[in-house]
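# Structural overview for review
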Amino acid sequence: MDFITSTAILPLLFGCVGIFSLFRLLQWMRMKTYLRNVVVVITGATSGLGKECAKVFYSAGSKLVLCGRNAEALEELTRELTTSRATK
């Protein structure tokens, strides 16, 4: 590999990484505004994937309708979500 090729690769590589990072940042910001003030219905919100989805959507500003078989676990999740918003 000659000198010109080796000196051209690093700036191109860093430029591509920078463009990709900027794209991901803009995509993340767009999704946050896209999910704000929308209603999301989550079934099985008491545990597992449903619980984690509830946390993500709530942190993005969505309004949630949570469904689950265990009323105590739903109340616990509701308390957890409201305290996470209060601490931010």
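Each remark here, short or long, concerns the structure printed above.
These numbers come from a predicted model, not from an experiment.

Moving on to the pattern of salt bridges. If you walk through the whole model with that rule in mind, you get two salt bridges. A salt bridge links Glu80 to Lys55, with the shortest nitrogen-to-oxygen separation between them at 3.1 Å. In this pair, Glu80 sits in helix H3 (residues 71-87) while Lys55 sits in helix H2 (residues 48-59), placing the two residues 25 residues apart along the sequence. Glu80 sits in the partly exposed class, given a relative accessible area of 29%.

Attention shifts here to the nonpolar core. One recurring pattern in soluble globular proteins: nonpolar side chains tend to sit buried together. Core analysis: the biggest nonpolar cluster contains eight residues, these being Val40, Ile42, Ala45, Ala54, Tyr58, Leu74, Leu77 and Leu81. Listed by contribution, the elements that provide at least two residues to this core are strand S1 (39-43), H2 and H3. Considering every element that reaches this core, the biggest residue donor is H3, with three residues.

A few words now on the environment of Glu75. Within the element layout of this structure, Glu75 appears in helix H3. Through-space distance from the C-alpha of Glu75 to that of Thr46 is 9.1 Å; in sequence the pair is 29 residues apart.

Rules used in this analysis
Residues numbered from 1 in each chain as written. Predicted model: local features only at pLDDT ≥ 70, side-chain atom pairs only at ≥ 80, totals over all residues. Heavy atoms only, no water. Salt bridge = Lys/Arg side-chain N within 4 Å of Asp/Glu carboxyl O. Helix = DSSP H or I, 4+ residues; strand = E, 2+ residues; numbered from the N terminus. Buried < 20%, exposed > 50% of the residue type's maximum accessible area, 1.4 Å probe, protein only. Core = buried A, V, L, I, M, F, W, Y, C linked by side-chain atoms within 4.5 Å.

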